[in-house]
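Overview (structure and organization)
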Amino acid sequence: MAEYLYIFDTTLRDGEQSAGCQLSTVEKIRIAKALEKLGVDVIEAGFPASSPGDFNSVVEVSKAVSESVVCALTRCNKDDIDLAVKALQFAKKKRIQTGIGTSDYHINYKFGTTRENILKTAVECTAYAKQFVDEVEFYCEDAGRTDNAFLAQIVEAVIKAGASIINIPDTTGYCLPEEFGAKIKYLKDNVKGIDNVLISVHCHNDLGMATALALAGVENGARQVECTINGVGERAGNTALEEICMILRCHSEVGVDTGIRTKYLVETSRLVSNLMNNPVQANKAIVGRNAFSHSSGIHQDGVIKNRETYEIINPKDVGADKSQLVLTARSGRAALKSRLRKLGIDVSNDINVDGIYAKFIRLADSNREITDNDIIAISGQDVKKVRPVTILRHNVSSALGEGAKAYLKLLIKGEEKEAEATGNGPVDASIKALKKLVGDKMTLQEFTIQSMNRGSDDIGKVYMQVLYNNNLYYGFGASSDIVLASLSAYIDAVNQFI
Ligand code: KIV
Ligand code: ZN
């Protein structure tokens with residue numbers, strides 16, 4: 001049976017430290033509850049001494065969470081620890097994480113002190129924190145660049161002082177995975193009492209190796225990984241929770257597994273991305289928009305024959321929509337035929353697939369990405385007959401400081417319907433008008449706008465994800481009118497479930 005790996009999520013602390021990703025207390029509570037549902041063992045809720053707002057967030061997250069341990073971060077001083085104790089007063093299960101820089105960079109330049117003083121402060125603070133909580137985690141900041149012999153000395157000392165979890169961070173993401181794994185092994189082999197504590201690894205992504213580093217730590221005895229949803233975090237980020245969990249799920253030979261309910265990974269990723277206003281890169285492993293999209297003809301043909309030819313994870317296992325075949329100039333006839341069939345266009349009789357394919361390739365070469373409406377048009381069909389919802393008229397007006405007004409006329413399953421709505425801006429007003437006509441039981445999950453060539457006359461590409469009946473639907477729209485592109489993307493998603 002696989003050994004258990006504890007997942008320590010620091011999205012609300014290290015993740016929130018990343019530039020532009022700040023969260024309100026209410027947003028942190030929402031994310032904490034989602035992390036609990038996901039099965040995270042420990043939630044690092046914040047750094048109470050950093051600001052009154054962060055103190056308050058730790059208090060409120062402590063009240064909201066009951067299954068996961070709530071952890072508060074401190075520096076190695078009594079004032080920070082006192083504040084953490086106070087902030088954690090309502091937590092059902094609590095932990096304090098205290099620590100100090102242990103590399104010569106930190107000792108000489110940040111603190112201007114000696115190894116002896118660092119050791120003394122570390123022991124004092126661990127013992128002090130232990131008076132208030134059972135679980136004290138000690139972090140050796142910049143352990144990745146700390147001399148192994150000194151690291152072993154300080155780890156042994158804080159274990160004696162009461163730390164039951166030892167965090168070995170590669171704070172600057174500098175180590176090579178093998179080197180970092182060897183560091184964990186060195187501690188296992190050279191520290192008295194190490195087998196009675198949990199070794200944690202906390203790795204940063206400065207060289208794009210945060211997940212590889214954490215895995216190397218696990219392979220050498222670490223049994224807790226500190227990570228964040230979408231890999232957000234200071235500078236280039238931290239180990240991504242979804243990556244380390246799925247690596248262990250896919251590679252049972254490592255012999256270690258987590259308690260993460262992976263079917264909630266995508267929804268948690270979307271929530272964090274939305275609340276942090278931080279779009280997930282399209283090619284992000286596991287949770288990116290393209291993680292299960294196939295665009296080259298060879299790959300598409302393989303996936304149509306058997307999904308596993310090009311997919312090592314079943315998208316359903318991580319809560320993603322089924323595999324997508326994206327139509328681009330690299331796509332083949334198999335994918336085009338599959339899309340035509342999905343749109344209800346009969347490919348067996350009157351339709352000349354070769355002819356459509358030739359037109360499609362010409363268009364794809366110039367447009368890069370093809371919408372369903374394009375496919376319908378080049379196959380000689382009437383968009384209004386093939387798609388349940390099409391736009392007949394759309395007008396918007398907006399004035400600085402006065403919001404916006406939209407008028408929308410749609411053809412819905414052959415019937416003309418119209419509505420007006422006001423909103424915060426032209427996109428909001430248009431979507432509100434749309435919802436008046438098609439129903440409002442759907443919510444926008446992701447909204448990404450990209451320009452193609454960067455000129456002011458450019459085509460805007462809009463990607464949207466709409467949640468309806470617990471299923472995610474992707475929509476795409478493209479136009480030089482960005483409001484129309486947004487409305488079209490929403491309608492593209494709606495057309496898949498209406
Ligand atoms: O990267 C780091 O070293 C940290 C510690 C505070 C755990 O975030
Ligand atoms: Zn960190």
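Residues numbered from 1 in each chain as written. Chains lettered and ligands numbered in written order. Predicted model: local features only at pLDDT ≥ 70, side-chain atom pairs only at ≥ 80, totals over all residues. Heavy atoms only, no water.

The next point concerns the side chain of Ser-430. Inspection of the secondary structure puts Ser-430 in helix H17 (residues 426-438). Ignoring sequence-local partners within four residues, the contact set of Ser-430 consists of His-394, Val-396, Ala-406, Leu-408, Val-483 and Leu-487. (Helix = DSSP H or I, 4+ residues; strand = E, 2+ residues; numbered from the N terminus. Contact = heavy atoms within 4.5 Å.)

Moving on: the sheet that holds strand E9 (residues 224-227). Spatial strand order, E2-E3-E4-E5-E6-E7-E8-E9: eight strands in a closed barrel with parallel pairing. Neighbour-to-neighbour, the strand axes of this sheet turn through a mean angle of 25°, independent of strand direction. Bridge analysis of strand E2 (residues 6-9) against strand E3 (residues 42-46) gives two bridges, and the strand direction is parallel. Paired with Phe-8 across the bridge in E3 is Val-42. Seen against the sheet, helix H3 (residues 52-64) touches E3 and strand E4 (69-73) and runs at an angle of roughly 145° to E3. Sitting on the sheet, helix H9 (residues 210-219) is in contact with strand E7 (165-170), strand E8 (198-203) and E9, with an inclination near 165° to E8. (Pairing = 2+ DSSP bridges. Axes fitted to C-alpha atoms, helices over the stretch in contact; angles between N-to-C directions.)

Moving on to the site of ligand 1. Residues in contact with ligand 1, as listed here, are Arg-13, Asp-14, Leu-73, Tyr-139, Glu-141, Asn-167, Pro-169, Thr-171, His-202 and His-204. Within the complex, 92% of the 260 Å² of free accessible area of ligand 1 lies under protein. Broken down by secondary-structure element, the contributors of at least two residues to the shell around ligand 1 are helix H1 (11-15), strand E6 (135-141) and E7. Counted by class, the shell around ligand 1 contains three nonpolar, four polar and three charged residues. (Near = heavy atom within 4 Å. Areas by Shrake-Rupley, 256 points an atom, 1.4 Å probe, with all protein chains shown as cover. Nonpolar A, V, L, I, M, F, W, Y, C, P; charged D, E, K, R; others polar.)

Metal coordination angles have textbook ideals: 109.5 degrees for a tetrahedral set of four donors and 90 or 180 degrees for an octahedral set of six. For the zinc ion (ligand 2), every protein donor is listed as Asp-14 (OD), His-202 (NE2) and His-204 (NE2), and the spread of their distances is 2.0 to 2.1 Å. Along the chain, the residues donating to the zinc ion (ligand 2) fall in the pattern D-x187-H-x1-H. Highlighted residues: Asp-14 in helix H1 and His-204 in the loop between E8 and H9, separated in sequence by 190 residues. (Donors = N, O, S within 2.8 Å, 3.2 Å for Na, K, Ca; no water.)

Most of E6 sits out of view: five of its seven residues are buried. Sheet analysis places E6 next to E7, joined by three bridges and oriented parallel. Note on E7: the bridge partner recorded for Tyr-139 is Asn-167. Crossover connection from E6 via helix H7 (residues 148-160) to parallel E7: handedness right-handed. (Buried < 20%, exposed > 50% of the residue type's maximum accessible area, 1.4 Å probe, protein only. Right-handed = clockwise from strand over helix to strand, strands pointing away.)

What follows concerns the packing of aromatic side chains. Within the structure shown, the criterion is met by six aromatic pairs. Note on Tyr-463 and Phe-476: the rings are 5.1 Å apart at their centroids and 45° apart in plane angle, and the pair reads as tilted. Separated by 13 residues along the polypeptide, Tyr-463 in strand E17 (residues 460-468) and Phe-476 in strand E18 (residues 471-479) bring together distant segments of the chain. Residue Tyr-463 shares its accessibility class with Phe-476, and that shared class is buried. Over the ring of Phe-90 we find Lys-63, and its NZ or CZ is 5.0 Å from the ring centre. The positively charged end of Arg-289 is found above the aromatic ring belonging to Tyr-463, 3.7 Å away from the centroid. (Phe/Tyr/Trp six-rings, centres within 6.5 Å; stacked < 30°, edge-to-face > 60°. Lys NZ or Arg CZ within 6 Å of the ring centre and 35° of its normal.)

The next subject is the sheet that holds strand E16 (residues 442-451). Spatial ordering of the open sheet is given by E16-E17-E18, a layout of three strands whose pairing is antiparallel. Where the open sheet ends on each side, the last strands, each with one partner, are E16 and E18. Strand-to-strand, the axes of this sheet are offset by a mean angle of 15°, without reference to chain direction. Of the strand pairs in this sheet, E16 and E17 are connected by nine bridges, and their pairing is antiparallel. Bridge assignment links Ser-451 to a residue of E17, and that residue is Gly-460. Most of the contacts of helix H11 (residues 265-276) go to E16, to which it runs at about 65°, and overall it touches E16, E17 and E18. Of the strands in this sheet, E16, E17 and E18 are in contact with helix H18 (residues 482-494), which crosses E18 at around 145°.

Attention now goes to the packing of H7 against helix H8 (residues 177-190). The geometry of H7 relative to H8 is characterised by a closest axis approach of 10 Å and an angle of 50° between their N-to-C directions. It follows from the interaxial angle that H7 and H8 lie oblique. The element H7 and its partner H8 pack so that their crossing is right-handed. Within the contact between the two elements, H7 uses Asn-148, Ala-149, Leu-151, Ala-152, Val-155 and Glu-156 and H8 uses Lys-183, Tyr-186, Leu-187 and Asn-190. Partitioned by chemical class, the residues of the contact of H7 with H8 number six nonpolar, two polar and two charged. (Parallel < 35°, antiparallel > 145°, perpendicular 65-115°, else oblique. Left-handed = near helix turned anticlockwise from the far one by under 90°.)

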